[in-house]
Amino acid sequence: MIDQAAAAVTAHTRWVDDFPNPGVRFADLTPVFADGPAFSSIITALSSVAPCAELVAGIDARGFLLGGGIARDLGVGVLAVRKAGKLPPPVQTCEYTLEYGTAAIEIPGDSKILHGRRVLIVDDVLATGGTLGATVELLERAGADIVGVTVVTEIEALGGRARLAGYPLTSLVRI
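Because the structure is predicted, anything quoted here is derived from the model rather than measured.

Help me out: how do you make sense of the overall build of the chain in this one?
Of regular secondary structure, the chain possesses 6 helices and 9 strands. For the chain, the C-alpha radius of gyration of 15 Å lies close to 16 Å, the compact-globule estimate for 175 residues. Its C-alpha atoms give the chain principal-axis dimensions of about 40 × 35 × 30 Å. A separation threshold of at least 6 residues defines the contact pool for the chain, and within that pool the share at least 24 residues apart is 58%. Counting every atom, the chain has about 8100 Å² of accessible surface; 53% of that belongs to carbon and sulfur. On the chain, the mean spot of the 14 positive side-chain charges and the mean spot of the 19 negative ones are 4 Å from each other.

Quick look at the structure:
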């Protein structure tokens, strides 16, 4: 199932050079998600990596699409990890650096929904690991137990995997 999903990702990903900034190569997964069989194979493959998860945390914004599908497959809830300023207070925030600047992510300030729960984190692309690393930090501060981190595409040259050492990490496609 992972091989089928990886083939779909490879066949449908659109690469855009110098976006959003010069020197950055953007992996546009929109065509992958727009293809029903491809999207379905991705959800099935990513759902298989952490069947013990009690909650799926999808990172803003493409992680929302993946997280909802995975959560449905697993029969668990989904948590939206938002870009800063998108949630009403109180919030918990974590700032981080990425390959083309700095950013922050947030979750609701009430950590009762996370405390002691086994959480699978999902996003579309692992590049430098800034966003995923910040998500791990944020969720652990709220009391979550991270049971896995999963992405559709990993850009190995940017070294993001090293930032997530010690956590089970699954990527469908490593380039």
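Read on for the rest.
What is the right way to read the sheet that holds strand β6 (residues 101-108) from this model?
Sheet strands associate in pairs through backbone hydrogen bonding, adopting either a parallel or an antiparallel arrangement. Here 7 strands make up an open sheet; going across it, the order is β5-β6-β4-β3-β7-β8-β9 and the pairing mixed. Each of the sheet's edge strands pairs with one partner strand only, and the pair in question is β5 (91-98) and β9 (169-174). Between one strand axis and the next, the sheet turns by 20° as a mean value, whatever way the strands run. As paired elements, β5 and β6 share 8 bridges and run antiparallel to each other. Among the inter-strand pairings, Leu98 is bridged to a residue of β6, identified as Gly101. Strand contacts of helix α1 (residues 2-12): β8 (145-154) and β9, with the helix running at about 50° to β9, the strand carrying the most contacts.

Honestly, the pattern of salt bridges in this entry has me stumped. Any pointers?
Once their charged atoms are close, side chains differing in charge can pair, the charge on each being opposite to the other. Counted under the stated rule, the structure contains 9 salt bridges. A salt bridge links Arg14 to Asp28; its shortest N-O distance comes to 3.0 Å. Taken as a pair, Arg14 in strand β1 (residues 14-17) and Asp28 in strand β2 (residues 25-28) lie far apart in primary sequence, 14 residues in all. Arg161 is paired through a salt bridge with Glu154; the nearest N and O atoms lie 2.7 Å apart. By relative accessible area, which is 2% here, Glu154 ends up buried. The network of salt bridges with common partners includes Glu154, Glu156, Arg161 and Arg174.

So what exactly am I meant to see when it comes to the packing of aromatic side chains here?
By convention here, two paired aromatic rings are described through the distance between centres and the angle between planes. For the structure on display, the rule yields 2 aromatic pairs. Judged by centre distance (5.3 Å) and plane angle (85°), the rings of Phe19 and Phe26 are edge-to-face. Ring centres 5.6 Å apart and planes at 75° place the aromatic pair Phe33 and Phe39 in the edge-to-face group. Given the relative accessible area of 13%, Phe33 is considered buried. Judged by its relative accessible area of 23%, Phe39 is partly exposed.

Mind showing me how you'd approach the packing of α1 against helix α3 (residues 36-47) here?
In a packed pair of helices, the relevant descriptors are the angle between the two axes and the axis-to-axis distance. Between α1 and α3, the shortest axis-to-axis distance is 8 Å and the interhelical angle comes to 135°. By the angle class used here, α1 and α3 are oblique. When the axes of α1 and α3 are compared, the crossing they make is left-handed. For the pair α1 and α3, the contacting residues are Ile2, Gln4, Ala5, Ala8, Val9 and His12 in the first and Ala38, Ser41, Ile42 and Ala45 in the second. Within the contact of α1 with α3, the residues separate by chemical class into 7 nonpolar, 3 polar and no charged.

The rules behind these values
Residues numbered from 1 in each chain as written. Predicted model: local features only at pLDDT ≥ 70, side-chain atom pairs only at ≥ 80, totals over all residues. Heavy atoms only, no water. Helix = DSSP H or I, 4+ residues; strand = E, 2+ residues; numbered from the N terminus. Rg over C-alpha atoms; globule rule 2.2 N^0.38 Å. Contact = heavy atoms within 4.5 Å. Areas by Shrake-Rupley, 256 points an atom, 1.4 Å probe, with all protein chains shown as cover. Lys, Arg positive; Asp, Glu negative; His and termini not counted. Charge placed at Lys NZ, Arg CZ, Asp CG, Glu CD. Pairing = 2+ DSSP bridges. Axes fitted to C-alpha atoms, helices over the stretch in contact; angles between N-to-C directions. Salt bridge = Lys/Arg side-chain N within 4 Å of Asp/Glu carboxyl O. Buried < 20%, exposed > 50% of the residue type's maximum accessible area, 1.4 Å probe, protein only. Phe/Tyr/Trp six-rings, centres within 6.5 Å; stacked < 30°, edge-to-face > 60°. Parallel < 35°, antiparallel > 145°, perpendicular 65-115°, else oblique. Left-handed = near helix turned anticlockwise from the far one by under 90°. Nonpolar A, V, L, I, M, F, W, Y, C, P; charged D, E, K, R; others polar.

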